[in-house]
Amino acid sequence: MATLEELYKLRKIFRDYEAPIPEKLKQEIREKETPYLKELNEKYSSIAPKDLPVKELSEKVLISLKYDGGELKAVFSCGLEDEPLFLDDMIKSEVIDEPETSDEEIEEEGEGIEKKDDEDSEEISEPEEIDEDEYITITRSGKGDTTPFKVIFLDEGKTIIEKNAIITMVETLKYMGLERVSHYKDFSYCGYPLVGKEKRLDLSKKGKKVEWQKEVDGWFIYAQLTNDVKKSEIEKVAKFLDIRVKVVDIPKI
């Protein structure tokens, strides 16, 4: 599961390329931001003045603070006649005046509170790691799997088909953009992402030297996979990037 920081970086890539931001990515960012925005509301509710300092403004007033990079950049304010529609898309926390509570009452309330067990805490799932020997594609001749398939980009009308499956996968990921694909980390292959900056140098469990990855423009693409996994990963990456593709097998002659 991507962190909010990783999602921001991915959104920035789309903005840098002046490309539309996928709705799925927007939704993921909104979901990740919500608990932090609620926490922010609670903090400001506790420190904001309960009474407006300018007494002449006796009707509804909206005050907004703009932060960029964690720093306060601007303060906005306006008088309101009606609730603006954009407020419906914002996280709202009502400020309720609470009666003062004595120290004795606080102590009594605290006696009945129990700490939650660890098992009630939210469980964070790790990316699924795939066993290396299960996915090494070695044929009788000792060469990698060369059964071809093609990838059709449905919106662009582009088709990628090369002489073998590895080259087809590499060219497909290049076309999607290796920087963008590097943010896809739903699966890891023995600790290595599908596209990353680190080269794998170790031998297989059986002591064989294997070219685990293909190096392209400073990126390492994990290519030592079965055809089914190659096709599956292409489809998952496309879904992650909100790209419509169709992967088609080419029958052997």
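To be clear, the structure that these remarks concern was listed above.
Residues numbered from 1 in each chain as written. Predicted model: local features only at pLDDT ≥ 70, side-chain atom pairs only at ≥ 80, totals over all residues. Heavy atoms only, no water.

Participant: Explain the overall build of the protein chain here, please?
Facilitator: If you tally the helices and strands in the protein chain, you get seven helices and ten strands. Relative to its full complement of 253 residues, the protein chain shows a buried share of 29%. When contacts within the protein chain are restricted to residue pairs at least 6 apart in sequence, those whose partners lie at least 24 apart make up 54%. With the model as given, the accessible surface of the protein chain reaches about 19,000 Å², and the carbon-plus-sulfur share is 49%. (Helix = DSSP H or I, 4+ residues; strand = E, 2+ residues; numbered from the N terminus. Buried < 20%, exposed > 50% of the residue type's maximum accessible area, 1.4 Å probe, protein only. Contact = heavy atoms within 4.5 Å. Areas by Shrake-Rupley, 256 points an atom, 1.4 Å probe, with all protein chains shown as cover.)

Participant: Looking at this model, I keep getting lost on the sheet that holds strand β8 (residues 213-216). Mind explaining?
Facilitator: Within a sheet, neighbouring strands are paired by backbone hydrogen bonds and run either parallel or antiparallel to one another. Strand order across the open sheet formed by three strands is β7-β9-β8, with antiparallel pairing between neighbours. Pairing within the sheet leaves two strands with one partner each, and these edge strands are β7 (195-196) and β8. Here β7 runs beside strand β9 (residues 219-222); their pairing, made up of two bridges, is antiparallel. Within the sheet, the bridge partner assigned to G196 lies in β9 and is F220. (Pairing = 2+ DSSP bridges.)

Participant: Explain the pattern of salt bridges here, please?
Facilitator: When charged atoms on two side chains of opposite charge get close, those side chains can pair. Throughout the structure, instances matching the rule amount to nine salt bridges. For R200, the salt bridge goes to D202, with nearest N and O atoms at 2.8 Å. Its relative accessible area of 5% is what places R200 among the buried residues. A salt bridge links K231 to D228, with the shortest nitrogen-to-oxygen separation between them at 3.7 Å. One end of the pair is K231 and the other is D228, both in helix α7 (residues 227-240) and three residues apart, which spans about a single turn. In this structure D228 comes out as exposed when scored by relative accessible area, which is 57%. A network of salt bridges, in which partner residues are shared, links D228, K231 and D249. (Salt bridge = Lys/Arg side-chain N within 4 Å of Asp/Glu carboxyl O.)

Participant: Sorry, what's going on with the nonpolar core here?
Facilitator: A general feature of soluble globular proteins is that nonpolar side chains tend to end up buried together. Membership of the largest hydrophobic core comes to 44 residues, with the highest contact counts inside it found for L173, M176 and L194. For this core, the element with the highest residue contribution is helix α5 (residues 165-176), accounting for six residues. Once residues lying within four places of it in the same chain are set aside, the contact partners of L173 are L178, V181, L194, V195, I221 and V237. (Core = buried A, V, L, I, M, F, W, Y, C linked by side-chain atoms within 4.5 Å.)

Participant: Please clarify how the sheet that holds strand β4 (residues 149-153) should be interpreted in this entry.
Facilitator: Taken in spatial order, the three strands make up an open sheet running β5-β4-β10, and their pairing is antiparallel. In the strand order of this sheet, the two ends are held by β5 (158-161) and β10 (245-249), each with one partner. Across the sheet, the mean angle from the axis of one strand to that of its neighbour is 20°, orientation sign disregarded. Bridge analysis of β4 against β5 gives four bridges, and the strand direction is antiparallel. The residue bridging V151 from the neighbouring strand is I160, located in β5. On top of the sheet, α5 reaches β4, β5 and β10; it is set at about 15° to β4, its chief contact. (Axes fitted to C-alpha atoms, helices over the stretch in contact; angles between N-to-C directions.)

Coordinates in, geometry out; function isn't part of it.
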